[in-house]
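# Tertiary structure, described
Listed below, chain by chain, are the residues.
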Amino acid sequence: MLLRKVAAAIVAALAVLGVQAVTAAPATAAPRILYYDASQAQEFRAVVTQGAQIWNSRVTNVRLEPVPSGRTPNIRVYADNGWPRTYTSSLGNGTWYMGRQAVNQGYYQPRIAAHEFGHILGLPDRRTGLCADLMSGSSAPVSCTNANPNTREATTVNNSFATAVTARPQTFTWAGAAA
Ligand SMILES: [Zn+2]
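Read on for an overview of the structure.

Parameters and conventions
Residues numbered from 1 in each chain as written. Predicted model: local features only at pLDDT ≥ 70, side-chain atom pairs only at ≥ 80, totals over all residues. Helix = DSSP H or I, 4+ residues; strand = E, 2+ residues; numbered from the N terminus. Buried ≥ 20, exposed ≤ 12 C-beta atoms within 10 Å, placed from the backbone. Contact = placed C-beta atoms within 7 Å. Expected span 1.5 Å × (residues − 1). Pairing = 2+ DSSP bridges. Axes fitted to C-alpha atoms, helices over the stretch in contact; angles between N-to-C directions. Arc of directions from axis to C-beta. Parallel < 35°, antiparallel > 145°, perpendicular 65-115°, else oblique. Left-handed = near helix turned anticlockwise from the far one by under 90°. Nonpolar A, V, L, I, M, F, W, Y, C, P; charged D, E, K, R; others polar.

Below, the discussion takes up the overall build of the protein. Each helix and strand in the protein was counted, giving five helices and six strands. When the elements of the protein are put in sequence order from the N terminus, they spell out α-β-α-β-β-β-β-α-α-α-β. The buried share of the protein, taken over its 179 residues, is 36%. Of all intrachain contacts in the protein linking residues separated by at least 6 positions in sequence, the fraction that spans at least 24 positions is 63%.

Here it is as structure tokens:
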């Protein structure tokens, strides 16, 4: 009788271990969800959404979603008359501005939005002057309408969110005084 109880206990323990082994090693990791609040982005709310959707279509380890009511956003988006710019607090967290100074100069709005989200996702400015680079920002011609990250930029973001690297607080500005 005692042996039977011990055997039952072992079977139960193995069952638990089996379940744990399955849950500990999923086939694919769920992407990290970052919530953004575009409610203060004024006339740019739609383009903010467009910028988020661009990233969602290019990366798999992180997703940008509109913040549900009652939840604190990871990302707040505002609009003002200055340069577009981003203030990061850590990887995936921060605030960015859709600045009318660049919009009024003719810079392509979806490119600005995707670029500033790129900073939130851990990418620095790389002023290569190339339109193919999303993070070249204002160094590419005003006529540049590429709003998509290139393969290297998308891979960098995927890798950052795969390994949960830490990022120190930083400020990035589209153009102008601050680098
Ligand atoms: Zn920038």
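For helix 4 (residues 109–120), with 12 residues, the first-to-last C-alpha span of 17 Å sits near the 16 Å given by 1.5 Å per residue. Most of helix 4 sits inside the fold, with 11 of its 12 residues counted as buried. Of the residues making up helix 4, those classed as buried are Gln 109, Arg 111, Ile 112, Ala 113, Ala 114, His 115, Glu 116, Phe 117, Gly 118, His 119 and Ile 120. Backbone geometry just after helix 4 places Gly 122 at a positive phi near 105 degrees.

Here we come to the sheet that holds strand 1 (residues 32–40). Overall, mixed pairing links the six strands, which are arranged 2-1-3-5-4-6 in an open sheet. Only two strands of the sheet have a single partner each, and these edge strands are strand 2 (62–66) and strand 6 (170–173). Each adjacent strand pair in this sheet contributes to an overall mean axis angle of 20 degrees, direction not counted. Here strand 4 (residues 85–90) pairs with strand 5 (residues 93–99) via five bridges, running antiparallel.

Glancing now at helix 5 (residues 151–163). Here helix 5 contains 13 residues, and its C-alpha end-to-end distance of 18 Å stays within 8% of the 18 Å for a straight helix at 1.5 Å per residue. Turning to helix 5, its buried residues are Glu 153, Ala 154, Val 157, Ser 160 and Phe 161. For helix 5, the angular spread of the buried residues around the axis is 125 degrees, confining them to a single face. Of the exposed residues in helix 5, those oriented more than 90 degrees away from the buried face are Thr 151, Arg 152 and Thr 163. Check the buried side of helix 5 and you find it contacts strand 1, helix 2 (45–58), strand 2 and helix 4.

Looking now at the packing of helix 2 against helix 4. Here helix 2 crosses helix 4 at 60 degrees, and the two axes come no closer than 8 Å. The angle between helix 2 and helix 4 places the two elements in the oblique class. The two elements helix 2 and helix 4 cross, and the hand of that crossing is right-handed. Only Gln 109, Pro 110, Ala 113, Ala 114 and Phe 117 of helix 4 make contact with helix 2, whose side of the interface consists of Val 47, Val 48, Gln 50, Gly 51, Ala 52, Ile 54 and Trp 55. In terms of residue class, the contact of helix 2 with helix 4 is made up of nine nonpolar, three polar and no charged.

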